[in-house]
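# Notes for the structure review
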Amino acid sequence: MDLLALADFTLVARHGGFGKAARATGRPKATLSRRVGDLEASLDLRLFERGPRDLKLTEEGRALFERGGRLLTELEETTAEIASGGDRPRGRLRISAPLLFCQTAMGKLAGDFALRYPEVQLEVTTEDRAVDMIEEGFDLVIRVNPDPDESLVGRAFLRDRLVVVAPPGLDRPRAGAVAPAVVRTAADRAPWRMKGQSPNAAIAVDPVLTLSSLIMIRDAVRTGVGAARLPISLVSRDIADGTLVHWGDADVPEIALWTLYPTRRLLSARVSAFLEHLKRTFPSGAPEELAAFVDR
């Protein structure tokens, strides 16, 4: 297979069209079109469905884009490492991470990483949605309790847990009473079950505020308006200082943060370096480590 033609096909697929790829790279549009046409002819396959205004990958084209793109990336990284005389991390590293983790921890993580690896150009995008790593060009994503994906591999590097907290002036309600609460979703309006306690001891709540951000919820609870369920990493200092009172741990599934990346035989040096950076920062991945890092 002509690797140059494969590289041009990958370029066009990534940018979503011949014109866009040509403008982004300064390459002639006609050259890109000819090389992709030659590749299709050599494979006897149609890789793009060409419409009057748009260009879409065929099923075969998508498969080639995903697998061929990874191979080209590995080849480029291998040649760069050989040329540099080692496997020192360098180049652009694009990461997608969830909003709360970015707001509380990623700034310090990114700064420490940049100081350790100055030849890596780290770019972090805040995304709570499930991004398409291949099409959107991410090297690594961080996700909370991700769904299984056969095209990605990874591991949980941090764990957190939800706790119920309240301002000191708000007493925990007795049986049959209702607590004013700050919630994020409709599901938070159901009685809050607590770990180690019978279902009958669940806390009935009356939502007085509905806020979409956990940081907004924490700040609202600090004013004394009501109780809330929040990650321990977000309120550990408030509990220690007495700003908030810990009513107990919420009986909900554990929160796990995962690093995910496309399945490939070799990880790039910069992705491996960031994974090691996370491991150094959170060696056990316990909620207390995240809380201590956030409060640092």
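### Brief notes about the packing of aromatic side chains
If you walk through the whole model with that rule in mind, you get seven aromatic pairs. For the ring pair phenylalanine 18 and phenylalanine 48, a centre distance of 6.1 Å and an interplane angle of 65° mean the geometry is edge-to-face. Pair noted here: phenylalanine 18 is in helix α2 (residues 18-25) and phenylalanine 48 is in strand β1 (residues 48-50), with a separation of 30 residues, a long-range link. The same class applies to phenylalanine 18 as to phenylalanine 48, namely buried. Judged by centre distance (5.4 Å) and plane angle (75°), the rings of phenylalanine 282 and phenylalanine 293 are edge-to-face. On the criterion of sequence distance, the pair formed by phenylalanine 282 in the loop between α9 (269-281) and α10 (287-294) and phenylalanine 293 in helix α10 is long-range, its members being eleven residues apart. For the pair phenylalanine 282 and phenylalanine 293, a shared accessibility class is recorded, and that class is buried. Among the aromatic residues, those joined into a cluster by ring pairs are Phe101, Phe157, Phe282 and Phe293. Lying across the ring of phenylalanine 293, lysine 108 places its NZ or CZ 5.0 Å from the centre.

### A look at the sheet that holds strand β7 (residues 162-166)
The three strands lie next to each other as β10-β7-β11, forming an open sheet whose pairing is antiparallel. Among the strands making up the open sheet, the edge pair consists of β10 (228-231) and β11 (245-249). Shown here is a sheet whose adjacent strand axes are inclined to one another by a mean of 40°, direction ignored. Of the pairings in the sheet, the one linking β7 to β11 comprises four bridges and is antiparallel in character. The partner of valine 164 across the bridge, within β11, is glycine 248.

### Thoughts on the packing of helix α5 (residues 99-116) against α10
Running from N to C, α5 and α10 cross one another at 75°; their axes reach a closest spacing of 10 Å. Taken together, α5 and α10 sit at an angle that is classed as roughly perpendicular. Counting all contacts with α5, which are made through Phe101, Thr104, Ala105, Lys108, Leu109 and Asp112, the residues of α10 involved are Leu290, Phe293 and Val294. Residues that form the contact of α5 with α10 fall into these classes: six nonpolar, one polar and two charged.

### Some details on the nonpolar core
Among soluble globular proteins, nonpolar side chains are generally buried collectively. By size, the foremost hydrophobic cluster in this structure holds 26 residues, and its most contacted members are Phe101, Met106, Ile142, Phe157, Phe274 and Phe282. Put simply, the parts of the chain that give this core at least two residues each are β3 (91-97), α5, β5 (140-144), β6 (152-160), β12 (255-262), α9 and α10. Residue contributions to this core peak at six residues, all from α5. Leu47, Phe48, Leu55 and Phe65 belong to the second largest nonpolar core, which has 20 residues in total.

What counts as what
Residues numbered from 1 in each chain as written. Predicted model: local features only at pLDDT ≥ 70, side-chain atom pairs only at ≥ 80, totals over all residues. Heavy atoms only, no water. Phe/Tyr/Trp six-rings, centres within 6.5 Å; stacked < 30°, edge-to-face > 60°. Helix = DSSP H or I, 4+ residues; strand = E, 2+ residues; numbered from the N terminus. Buried < 20%, exposed > 50% of the residue type's maximum accessible area, 1.4 Å probe, protein only. Lys NZ or Arg CZ within 6 Å of the ring centre and 35° of its normal. Pairing = 2+ DSSP bridges. Axes fitted to C-alpha atoms, helices over the stretch in contact; angles between N-to-C directions. Parallel < 35°, antiparallel > 145°, perpendicular 65-115°, else oblique. Contact = heavy atoms within 4.5 Å. Nonpolar A, V, L, I, M, F, W, Y, C, P; charged D, E, K, R; others polar. Core = buried A, V, L, I, M, F, W, Y, C linked by side-chain atoms within 4.5 Å.

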